[in-house]
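Topology and contacts: notes
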Number of protein chains: 6
Amino acid sequence: MSFQYLNPGPARAFKDRFTTKVDETKQWYEEGKSGKIGLLGLPYSKSSISASQASEAPQSIRRALGFYTTYSHEKEQDYTDVTMLDFGDAPAHPTDTEKTNDLLKKSVKEMLEEEACSRYVLLGGDHGVSFPSITAFHERWGRVGVLQWDAHHDVRNTEDGGRTNGTPFRSLLESGVVRGEDLVQIGIRDYSNAQAYAEYCARHGVAVYTMADVDAEGIASIVKKEIQRLKEKVDLIYLSVDMDVVDQAYAPGCPAIGPGGLTSRELLVSVQEASGDPIVKAMDIVEIDPSKDVRDMTSRLAAHVMMRYMYQ
Amino acid sequence: MSFQYLNPGPARAFKDRFTTKVDETKQWYEEGKSGKIGLLGLPYSKSSISASQASEAPQSIRRALGFYTTYSHEKEQDYTDVTMLDFGDAPAHPTDTEKTNDLLKKSVKEMLEEEACSRYVLLGGDHGVSFPSITAFHERWGRVGVLQWDAHHDVRNTEDGGRTNGTPFRSLLESGVVRGEDLVQIGIRDYSNAQAYAEYCARHGVAVYTMADVDAEGIASIVKKEIQRLKEKVDLIYLSVDMDVVDQAYAPGCPAIGPGGLTSRELLVSVQEASGDPIVKAMDIVEIDPSKDVRDMTSRLAAHVMMRYMYQ
Amino acid sequence: MSFQYLNPGPARAFKDRFTTKVDETKQWYEEGKSGKIGLLGLPYSKSSISASQASEAPQSIRRALGFYTTYSHEKEQDYTDVTMLDFGDAPAHPTDTEKTNDLLKKSVKEMLEEEACSRYVLLGGDHGVSFPSITAFHERWGRVGVLQWDAHHDVRNTEDGGRTNGTPFRSLLESGVVRGEDLVQIGIRDYSNAQAYAEYCARHGVAVYTMADVDAEGIASIVKKEIQRLKEKVDLIYLSVDMDVVDQAYAPGCPAIGPGGLTSRELLVSVQEASGDPIVKAMDIVEIDPSKDVRDMTSRLAAHVMMRYMYQ
Amino acid sequence: MSFQYLNPGPARAFKDRFTTKVDETKQWYEEGKSGKIGLLGLPYSKSSISASQASEAPQSIRRALGFYTTYSHEKEQDYTDVTMLDFGDAPAHPTDTEKTNDLLKKSVKEMLEEEACSRYVLLGGDHGVSFPSITAFHERWGRVGVLQWDAHHDVRNTEDGGRTNGTPFRSLLESGVVRGEDLVQIGIRDYSNAQAYAEYCARHGVAVYTMADVDAEGIASIVKKEIQRLKEKVDLIYLSVDMDVVDQAYAPGCPAIGPGGLTSRELLVSVQEASGDPIVKAMDIVEIDPSKDVRDMTSRLAAHVMMRYMYQ
Amino acid sequence: MSFQYLNPGPARAFKDRFTTKVDETKQWYEEGKSGKIGLLGLPYSKSSISASQASEAPQSIRRALGFYTTYSHEKEQDYTDVTMLDFGDAPAHPTDTEKTNDLLKKSVKEMLEEEACSRYVLLGGDHGVSFPSITAFHERWGRVGVLQWDAHHDVRNTEDGGRTNGTPFRSLLESGVVRGEDLVQIGIRDYSNAQAYAEYCARHGVAVYTMADVDAEGIASIVKKEIQRLKEKVDLIYLSVDMDVVDQAYAPGCPAIGPGGLTSRELLVSVQEASGDPIVKAMDIVEIDPSKDVRDMTSRLAAHVMMRYMYQ
Amino acid sequence: MSFQYLNPGPARAFKDRFTTKVDETKQWYEEGKSGKIGLLGLPYSKSSISASQASEAPQSIRRALGFYTTYSHEKEQDYTDVTMLDFGDAPAHPTDTEKTNDLLKKSVKEMLEEEACSRYVLLGGDHGVSFPSITAFHERWGRVGVLQWDAHHDVRNTEDGGRTNGTPFRSLLESGVVRGEDLVQIGIRDYSNAQAYAEYCARHGVAVYTMADVDAEGIASIVKKEIQRLKEKVDLIYLSVDMDVVDQAYAPGCPAIGPGGLTSRELLVSVQEASGDPIVKAMDIVEIDPSKDVRDMTSRLAAHVMMRYMYQ
Ligand SMILES: [Ca+2]
Ligand SMILES: [Ca+2]
Ligand SMILES: [Ca+2]
Ligand SMILES: [Ca+2]
Ligand SMILES: [Ca+2]
Ligand SMILES: [Ca+2]
Ligand SMILES: [Ca+2]
Ligand SMILES: [Ca+2]
Ligand SMILES: [Ca+2]
Ligand SMILES: [Ca+2]
Ligand SMILES: [Ca+2]
Ligand SMILES: [Ca+2]
């Protein structure tokens, strides 16, 4: 076989010899490989209260990585050396959420046990996946601090519907995986939550920043302050980015969209600020339903969130 | 209060005094009411193998009933007297399919125990709802014959994912609710099923009609023959209409669409033929995902399926 | 000025020197011009019972004429000589339907008074435009026979909402413009009309053909028979094509779509059959709402209806 | 009847026992009921110059109320006690705008005569509905001051098309219902209006704020100043919110969208500022066409406008 | 590394152990491998006269293979042994059609020179790709007979725009790659072609079947007759399936859609008939633009065309 | 002929006698006519690396001119006297980019040679059209300074794909048409370019402003400074506006969208600032693909860009 023109294998887009697309720095994990960033899909969204196809987001975000490059003009830095290892998608059970949560937790742990990477990105799925994912990090590495970008508290009671995408932080607090004082919620929005859950967060010592707080203090400054506070106490910090923290005009592909949220620039700046410290070991991106999106805008934004996190 | 113009309450569309829309013959069930047709929504689709929002179909089909009228010009008959009692939607558990199946079965039984109607329509949801629904009819009324319009056998093994929308007839056969000889499958399509399941059906004595059989024998003639055969043996006949039996051009709103299926006219004619006999006591309509549909075409077709079934 | 490359004026698509697009045979009317087919837009749809943008159809159908050519391979005939004169769009009043009906009627009459063409095409708009349009033909040329392709009778009472798109044939009958015996309705569909209006039609001697009749007799044969019957009595025949006579799979862009209608081939064959006789002097095409259409399919079908009518 | 699982009636979404959705505070009006906020739909958009389905907005905005809750984290206040009485939708005539305007005015007056609420929300429809609506308030309560959020003056002449959505404030000024000095227009945009109408407003003493003024003074400060000015003179203030004042990126569902408008945050802040004073008795929200919207974004924004207005 | 749950690599959908999806029978070609069917993408559509993204079809058709299975119930045959070797996508030049044609031809030839398969499927792209593709087969294997399913002749002159998707069969005839008597065109549609090109085909002895011929003779019978005629004369037969031969209701994703074409069943039956003879060595499927499609219907139909061709 | 109602010719929307829509100031060019602004479409996008229908933008932007008026309330100025001459669309070759570039250049030159206007607007097409267009201005008028709004450098090598939409400024620099020091790039975005091309720009003395620079200095101030610098050196300044410089929320209709770009207000303000000096003789607007847009938002923004440029 001596092909001069043909090159069998999955289709590749147009290649410019001087340009590195982000997905070109990504390889499927194989034993013995190591890299800077570990990537894992958590394609589960049957825990969503409303009908969601967020399970398709890992695929659409991976695709979006192919639209952008490794080069930051602003930092005059090319990050072709920030290699990604893709561990694929964790398995999920078609009809059993508890079983799925177990599968997700075990999958994350298996990835961590390979000790192949220094940082990880988990791609949801709905926000329900953060419960098993953070639990896995906790079990592996100890006390976890969490920065949660979200319009919602996500500490609903579990009696009214089991572990849904409205309960992950309740589950984490109740199970002792995360302490209230180690949880920071940024971007909480008016008319999108319940008093009982605001009080629950207050009772547990959760640090809550509303959109008014963001307007008043500035999001980068909030993040900086909280990272400093947490790093004194915890073994690692986990960023949990629910994309519905962003205004519906900038992130139309989330199930629970609304007006009055962050701009995409506010999100990007704050993730970049948070990611500067090496104690930040993991980030998840959740609540993108590609079937509801406009031109994959929200997955594109997620790709930029990843670049801000990875390229430090 | 003496309103001359205003008339508080849910919005009503334009009313022509001589025209009766089908939804005008429908009332919410209240104790003591009786009517010809009982209607119940089974809005559950988390048992679907692929992401589905078929849980929204009961709403869209009810809406579609408002687009059509009670009058058949061809039969020169106005069916304003075929009153419908709407029992609302059965509850579903957000994260537990087994619990949901139990809730659905008990809800159908509660409806039947009211003894308010002579015939019933169940609106799915995905095809997974037929297992609890048919079980309820069986427990109430005895031996059930089933006519299943479907491109697929739906007798998958349950080891690979629990009770999904691919398993209802397997569950019904294994649990003894339905005997193989009492099940008729119409519209089975090439390249859409597995040999193992074709053999499973054959082994259990299921009567299977492929699209080639439909072409050769004619769908009305198949239905007529099978209704005759079943009515000798069973206590009631249940029609289970998976809308993906219809060609994708006519029913674009099903998750598992494809070419080479029934035309909408073939479906309507065969449902009308089947519904002529009073032994037919129930019908479900499943696998419509309104979020995937084009102009609610598939829900509109479902409304016509209901009219053919109700207006005898 | 001597342009070698540039050619100022409205954009033209790619031109193949041997191919004539239908819109290339069309000219804007100017005094003294004559042609075979007169074309007039009647862009009004505020008389629609449900919200409609059928007022945009004249533009989309004109555009669709540019997708097709003048050559019939089946008849081995090139119709480049069937010239069209486009009289533009009739004016409509933004908020007054009665005033609009008057404007439309007067506009049609002004066109006819030019005596520039032997046949006319009127592009609605909703079906309400047929009342003023047919009235104009009647006032100009005498007794009018009408073949109406429609899922609906369109003889609603006018007390419940004035002259809407549900009343044109009621208005025509009541005003004496058309006699009941001179009106033929083809494609009337079950569960889409009211008994009172079926009886109204019967009382006035309207010839009504349901979809069952179409199935039984064949649509071309019905049309042939009725043209023969009418031509003995009337001065001209007017074809009124409500595109919702076609099944929703083939004409998704009508406001009142539903299953169980004509295929596009049945429509085309029957229009061709009807158009063979020179007593047919006019045709309108109504009830296409381009904002609801899929890829302009319904406007494309309308263009083919025009070709079948024009190219005899 | 003793239902344990089933609960007949219109479908309800998932219910969390600690969360109150805004639409749960809403009841259909019945004689003798009183509440804080009266709600009335004015579903008419046939007065629109361009084709509009804004008549469907009352339904979509009501639906959007079910997406949000009564709790403001920023104000640490739960507004479950702000009860809404829904008077349904006012009737409209299918083909007669003058008749419709009369029906709308009389309907609003009938609602006001019930004296059941202290504040009202009117949901259009296109902006044409503000003429009858404001007239009703004037006839009931006296001198009306109006704050109009709008990219356009809406004082077109009525000779060129009757009372359209381009004329309501012309009609109000000419009929003496509103004095020029009592009208404030905020958000007027360049290249979206005519000089003649700018001059007309100036001549009548209308206070006009362009987007440049908004940039220079700040929208909250403009609103505060004008509320103070008006309250000295008028009996009540009416807020008229044409959603096209918002930039197309934030409110894509308006017929007349364009770039360079308010952000959604600017709109929300200014409505909140305006609503603080009890002299503000009414608000309408107009020019949302749900058929043109993206994921109901504009109706969602309208729901938030309502919350800012109601929850003081 | 001992993963129990995780399984790194590209995401796999839900797997039922007894079901074989068609794409599971497909492998990327590697030296030394052999299989029954060779697959090659020809993702080029810049030769299209109108703007087309048919270059994306190879990806969407491959995806559609994952929706269907290898089992034919009608033939009681499971085709898991019909292995496919995927040679990937041939390279195309971004801005030079002549260079691209050369790249495509050479790529097809390289594939053929591997002698790894007995039959081939080529996935366009627009119809322009058939010129280099058929040329490659001719150069490798000799005299080629072609069955072309198409609404259009595709023998335009090349002076007016170079080698476009309107010229492939002109190029093949003029270059002597295909003789006129060896070309069969099926499904030619009225008002979609030019007289000059009909005459060109007649002059060259091309066998042309219009839709009227299809109606009169039956498509399977036409295909059978022509395969018999050709196989006496040629070394191999190549099927060229332009999906716009199908009616727009069944194949909405083609650039040049229109009414009055084949049903999907007519296409499938005729391809199956044609593929029965081993002299048929190749098939291309062209003119699907996934960006214009509805729910990938046209790609799904293409997948079924492939199954009919492969599973003999 | 004496039409009182009818007025044959292309359809006109509703006309308010006091309002001038921008497209009413536009005429098709004819010999001897002169006007302030010359308009030319360059409808070519086959040079795009990814599939693009930007060739349709000249039509959609022209349409958008009909949505807006000539009056600036902020400047209290009506620009009805700024007449536009429309030279139509330049011809493009269906399959040959080099030939097209030649046709485009010659067409622009022919327009300039008419000497009919003082300023020009060129409507792409993809960014590839700027190479022939700027070359034409250079050949006619001498040294050209260019302000390029763009997320990308567009100085890719031409070996990897010929002259694409990624290469125009490379071509201009290499051919000596534009000197590096005369090129200003504004809005360059992180993770959207390659290091090699950033260095290429630096080496050639191109003035590059990233989004961080825009944030830091303010876009109007950057533009002002660079216009001052350039006007000392060049004979004319050409503005080249690639709409993907704008954030995806504000300009969703560009092929290469992403988050973190300009707001529409930033673009409008900066174009207005740039256009104040009469040395600015030309502007192109490129990279709008109407088939990917949402409600023509991006074409609407383009129309406002034109108004800011024209109405000084
Ligand atoms: Ca969340
Ligand atoms: Ca959230
Ligand atoms: Ca099924
Ligand atoms: Ca099925
Ligand atoms: Ca009608
Ligand atoms: Ca009709
Ligand atoms: Ca307004
Ligand atoms: Ca407005
Ligand atoms: Ca072709
Ligand atoms: Ca073709
Ligand atoms: Ca560019
Ligand atoms: Ca760019």
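Quick notes on the rules
- Residues numbered from 1 in each chain as written.
- Chains lettered and ligands numbered in written order.
- Predicted model: local features only at pLDDT ≥ 70, side-chain atom pairs only at ≥ 80, totals over all residues.
- Heavy atoms only, no water.
- UniProt positions renumbered as here; feature names shortened; annotations may be inferred.
- Helix = DSSP H or I, 4+ residues; strand = E, 2+ residues; numbered from the N terminus.
- Buried < 20%, exposed > 50% of the residue type's maximum accessible area, 1.4 Å probe, protein only.
- Contact = heavy atoms within 4.5 Å.
- Areas by Shrake-Rupley, 256 points an atom, 1.4 Å probe, with all protein chains shown as cover.
- Buried area = accessible area lost by both parts, 1.4 Å probe.
- Salt bridge = Lys/Arg side-chain N within 4 Å of Asp/Glu carboxyl O.
- Polar contact = N/O pair within 3.5 Å; in protein donor to acceptor, adjacent residues only side chain to side chain.
- Pairing = 2+ DSSP bridges.
- Right-handed = clockwise from strand over helix to strand, strands pointing away.
- Nonpolar A, V, L, I, M, F, W, Y, C, P; charged D, E, K, R; others polar.
- Donors = N, O, S within 2.8 Å, 3.2 Å for Na, K, Ca; no water.
- Axes fitted to C-alpha atoms, helices over the stretch in contact; angles between N-to-C directions.

- The name that an unreviewed UniProt entry assigns to chain A is Formimidoylglutamase, with the source organism given as Halobacillus kuroshimensis.
- Under the UniProt heading Sequence similarities (unreviewed entry), the entry covering chain A gives this text: "Belongs to the arginase family."

1. Some words on the overall build of chain A
- The helix and strand tally for chain A stands at 9 helices and 11 strands.
- If you line up chain A on its principal axes, its C-alpha atoms span 70 × 45 × 40 Å.
- Split into buried and exposed, the 312 residues of chain A put 66% on the buried side.
- When contacts within chain A are restricted to residue pairs at least 6 apart in sequence, those whose partners lie at least 24 apart make up 79%.
- For chain A, the exposed surface amounts to about 9,700 Å²; the carbon and sulfur share of it is 44%.

2. Topic: the interface of chain F and chain D
- Between chain F and chain D, the contact holds 29 residues from the first and 39 residues from the second.
- Contact between chain F and chain D buries roughly 2,900 Å² in total, counting both sides, with carbon and sulfur atoms accounting for 54%.
- Three residues, His73, Arg265 and Arg295 of chain F, lead the burial of chain F against chain D; their summed loss comes to 24% of the area buried on that side.
- Applying the counting rule to chain F against chain D returns 3 salt bridges.
- Here chain F is connected to chain D by 21 residue pairs in polar contact (both at pLDDT 80 or more).
- For the side of chain F that touches chain D, the elements supplying multiple residues, two or more each, are strand 3 (71-72), helix 8 (264-274) and helix 9 (297-310) of chain F.

3. Some details on the environment of Lys21 of chain B
Residues and elements named next belong to chain B.
- Relative to the helices and strands, Lys21 is located in the segment before strand 1 (26-28).
- You can call Lys21 partly exposed: its relative accessible area is 25%.
- Remark: the alpha-carbon pair of Lys21 and Gly66, spanning 45 residues in sequence, is separated by 5.5 Å.
- Setting aside chain neighbours within four positions, we find Lys21 in contact with Leu65, Gly66, Phe67, Tyr68, Thr69 and Thr70.

4. Points about the pairing of strand 10 (residues 236-242) of chain B
Residues and elements named next belong to chain B.
- With 7 of 7 residues buried, strand 10 is to be regarded as a mostly interior element.
- The alternating pattern of strand 10 places Leu236, Tyr238, Ser240 and Asp242 and Ile237, Leu239 and Val241 on opposite faces, both of which are buried.
- As judged from the 6 bridges shared by strand 7 (residues 144-149) and strand 10, these two strands associate in the parallel manner. Paired with Trp149 across the bridge in strand 10 is Val241.
- Tracing the backbone out of strand 10, into helix 8 (residues 264-274) and back to the parallel element strand 11 (residues 280-286) gives a crossover that is right-handed.

5. A few points about the interface of chain A and chain F
- Tallying the contact residues gives 29 residues for chain A and 39 residues for chain F.
- Between chain A and chain F the total buried area reaches about 3,000 Å² when both faces are included, carbon and sulfur atoms providing 55% of it.
- Per-residue buried area on chain A facing chain F is highest for His73, Arg265 and Arg295 of chain A; these three make up 24% of the total on that side.
- Its salt-bridge partner being Asp160 of chain F, residue Arg17 of chain A comes within 2.7 Å of it at the nearest N-O pair.
- The tally of links from chain A across to chain F stands at 21 residue pairs in polar contact (both at pLDDT 80 or more).
- Sorting the residues of the side of chain A that touches chain F by element identifies strand 3 (71-72), helix 8 (264-274) and helix 9 (297-310) of chain A as the ones contributing at least two each.
- At 6 residues, helix 9 of chain A tops the list of elements feeding residues into the side of chain A that touches chain F.
- Among the residues forming the side of chain A that touches chain F, the class breakdown is 12 nonpolar, 7 polar and 10 charged.

6. A short note on the coordination of the calcium ion (ligand 2)
Residue and element names in this part refer to chain A.
- In this structure, Asp150 (OD), His152 (ND1), Asp242 (OD), Asp244 (OD) and Asp244 (OD) serve as the protein donors to the calcium ion (ligand 2), at separations of 2.3 to 2.5 Å.
- The metal-metal distance between the calcium ion (ligand 2) and the calcium ion (ligand 1) comes to 3.2 Å, with Asp150 coordinating both. The exposure classification of Asp150 matches that of His152, with both residues buried.

7. What to know about the pattern of salt bridges
- One pass over the structure, following the stated rule, counts 126 salt bridges over all chains.
- Across the salt bridge formed by Arg156 of chain C and Asp16 of chain B, the nearest N and O atoms sit 3.0 Å from each other. Of this pair, Arg156 of chain C sits in the loop between strand 7 (144-149) and helix 4 (168-174) while Asp16 of chain B sits in the segment before strand 1, which puts the two residues in different chains.
- Here Asp16 of chain B falls in the buried class, since its relative accessible area comes to 3%.
- Sharing partners across several salt bridges, the network here consists of Lys26, Arg62, Asp86 and Asp89 of chain A.

8. Comments concerning the coordination of the calcium ion (ligand 4)
- Protein coordination of the calcium ion (ligand 4) is provided by Asp150 of chain B (OD), His152 of chain B (ND1), Asp242 of chain B (OD), Asp244 of chain B (OD) and Asp244 of chain B (OD), with donor distances spanning 2.3 to 2.5 Å.
- Positions of the donor residues of the calcium ion (ligand 4), expressed as sequence spacing, correspond to D-x1-H-x89-D-x1-D.

9. Topic: the sheet that holds strand 7 (residues 144-149) of chain E
All names here are of chain E.
- Read from one edge of the open sheet, 9 strands run 1-5-2-6-11-10-7-8-9, paired in parallel fashion. Strand pairing shows two members of the sheet lacking a second neighbour, strand 1 (26-28) and strand 9 (207-210), which therefore form its edges. Averaged over all adjacent pairs, the angle separating strand axes in this sheet is 20°, with direction ignored.
- As paired elements, strand 8 (residues 183-188) and strand 9 share 4 bridges and run parallel to each other. Within the sheet, the bridge partner assigned to Val184 lies in strand 9 and is Ala207.
- In the packing of helix 8 (residues 264-275) onto the sheet, contacts are made with strand 6 (119-124), strand 7, strand 10 (236-242) and strand 11 (280-286), and the angle to strand 7 comes to roughly 170°.

10. Some remarks on the sheet that holds strand 1 (residues 26-28) of chain A
Residue and element names in this part refer to chain A.
- Overall, parallel pairing links the 9 strands, which are arranged 1-5-2-6-11-10-7-8-9 in an open sheet. Looking at the sheet topology across the chains shown, the edges are occupied by strand 1 and strand 9 (207-210). Sheet twist, expressed as the mean angle between neighbouring strand axes with direction ignored, is 20°.
- Lying over the sheet, helix 7 (residues 219-231) contacts strand 7 (144-149), strand 8 (183-188), strand 9, strand 10 (236-242) and strand 11 (280-286), oriented at roughly 165° with respect to strand 7.

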